[in-house]
Amino acid sequence: MDGLIEGLPAGLRGDYAAAEADFTLVQDMARYAPADHATWRTLYGRQAALLPRHAAAAFRTGLAALPFAEGVPDFAACSARLRTATGWSLVAVPGLIPDGAFFGHLAARRFPVTCWIRRPEELDYIVEPDIFHDAFGHVPLLTQPDFADFLAAYGRLGEQAARMGALKPLARLYWHMVEFGLIREDGGLRAYGAGILSSSAETVHATESDRPRRLRFDPRRVLRSDYFIDDLQPTYFVIEGYAELFAAMQELPRLLAEARDAAPIAPGAAAPGDQPV
């Protein structure tokens, strides 16, 4: 693709030439080789072993309801179960897609999932999100009604944020609360974010390490908080329940304008009003 699609970096791995105008593809299950399914099972087995101790209950319940254990999942079968639970479905995409297309899919309760899987030598780290990150990391929580409603509302807000010039703070909300969110549960902290639960190193770091800051969810703080894209996170935000995220969307347009005009907070830095958890 080499920079032909505005807003995306050059050199992405997916087959963008085969995508429709909305960047969707047909998922061809026959194209997955036995080695692809073996890679999925290796990743699944490794992460599944960590879930009882580290993952939120809603994530574990959602994962158990999906056909994920045996190999690369069929999006049609997953979508049938999601539609029954929360009205969501999955669409195959070649990889990262432009903001407008991404927001549009979320607003329509369609979650874009990259259709290719990483190579065996990339088990521990991959530059671009692949099917394991997108499907295993994100899809189980789409069975949780409050979180599912929050993500659809996030998609609806995307166009407004673009008009406001506030996409950067909106991206911070997605990063911290969708990719790397924690929830207080049963007297401890559990992970629900996709970036945590699709990575064995991040799963343990986020929930057990004494190195990162863990702060009470505050939308103002989240919208100003920068992050690392290629290292373990130095700050995580903790919710008490998924309904908090959906409730925050009511005041988000105003908060986005504030965050757009305020200085960002560096990754790992402290800020006035922080509430450590």
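It should be noted that the structure appears before, not after, this text.
This text gives an overview of the structure that appears in the document. (Residues numbered from 1 in each chain as written. Predicted model: local features only at pLDDT ≥ 70, side-chain atom pairs only at ≥ 80, totals over all residues. Heavy atoms only, no water.)

**Comments concerning the sheet that holds strand E4 (residues 188-191)**
Read across the sheet, four strands follow the order E4-E3-E6-E5 without closing on themselves; strand pairing throughout is mixed. In this open sheet, the two edge strands, each paired with only one partner strand, are E4 and strand E5 (213-216). Going across the sheet, the axis of each strand differs from the next one's by a mean of 40°, ignoring polarity. (Pairing = 2+ DSSP bridges. Helix = DSSP H or I, 4+ residues; strand = E, 2+ residues; numbered from the N terminus. Axes fitted to C-alpha atoms, helices over the stretch in contact; angles between N-to-C directions.)

**Thoughts on the side chain of glutamate 185**
Within the secondary structure, glutamate 185 sits in strand E3 (residues 182-185). Here glutamate 185 sits buried without a salt bridge, and the closest side chain of opposite charge, arginine 60, lies 4.7 Å off (N-O distance). Separated by 2.9 Å, the side chain of glutamate 185 and the backbone nitrogen of alanine 57 make a polar contact. Setting aside anything within four residues of it in sequence, one finds glutamate 185 in contact with Ala55, Ala56, Ala57, Arg190 and Tyr242. (Buried < 20%, exposed > 50% of the residue type's maximum accessible area, 1.4 Å probe, protein only. Lys, Arg positive; Asp, Glu negative; His and termini not counted. Salt bridge = Lys/Arg side-chain N within 4 Å of Asp/Glu carboxyl O. Polar contact = N/O pair within 3.5 Å; in protein donor to acceptor, adjacent residues only side chain to side chain. Contact = heavy atoms within 4.5 Å.)

**Regarding the pattern of salt bridges**
Taken as a whole and judged by the stated rule, the model has 16 salt bridges. Of the charged contacts, one joins aspartate 226 and arginine 172 as a salt bridge, the two residues approaching to 2.8 Å between their closest N and O atoms. In this pair, aspartate 226 sits in the loop between helix H11 (219-224) and strand E6 (235-239) while arginine 172 sits in helix H8 (residues 167-179), placing the two residues 54 residues apart along the sequence. Residue aspartate 226 is classed as partly exposed on the basis of its relative accessible area, which comes to 22%. Within this structure, Arg184, Arg216, Glu240 and Glu244 form a network of salt bridges that share partners.

**Description of the nonpolar core**
If you look at the biggest cluster of nonpolar residues, it comprises 84 residues, and the most contacted ones within it are Trp40, Leu173 and Tyr192. Top element by residues in this core is helix H7 (residues 145-164). It accounts for nine residues. In this structure, tyrosine 192 is in contact with Ala56, Phe59, Leu141, Phe147, Met177, Gly181, Leu182, Ile183, Leu197, Ile239, Tyr242 and Leu245, ignoring residues within four places of it in sequence. (Core = buried A, V, L, I, M, F, W, Y, C linked by side-chain atoms within 4.5 Å.)

**Comments concerning unusual backbone geometry**
Phi angles above zero are rare outside glycine, and arginine 109 is one such case at about 60°. Within the secondary structure layout, arginine 109 lies in the loop between helix H5 (99-107) and strand E2 (110-114). Positive phi, normally seen in glycine, also occurs at aspartate 186, with a value near 55°. A residue is classified by how much of its surface remains accessible, and aspartate 186, at 76% relative accessible area, is exposed.

**Here's the deal with helix H13 (residues 252-260)**
Those residues of H13 lying buried are Leu252, Leu255, Leu256 and Ala259. Looking down the long axis of H13, one finds its buried residues gathered within 105° of arc, a one-sided arrangement. Of the surrounding elements, those touching the buried residues of H13 are H7, H8, H11 and helix H12 (243-248). (Arc of directions from axis to C-beta.)

**Some details on the packing of H7 against H13**
Running from N to C, H7 and H13 point in directions that differ by 35°, and their axes come no closer than 11 Å. H13 is crossed by H7, and the crossing has right-handed handedness. When H7 is examined against H13, the residues Leu157, Gln160, Ala161 and Met164 are found in contact with a partner set consisting of Leu252, Pro253, Leu256, Ala257 and Arg260. The class makeup of the residues in the contact of H7 with H13 is seven nonpolar, one polar and one charged. (Left-handed = near helix turned anticlockwise from the far one by under 90°. Nonpolar A, V, L, I, M, F, W, Y, C, P; charged D, E, K, R; others polar.)

Just geometry here; none of it tells us what the structure is for.
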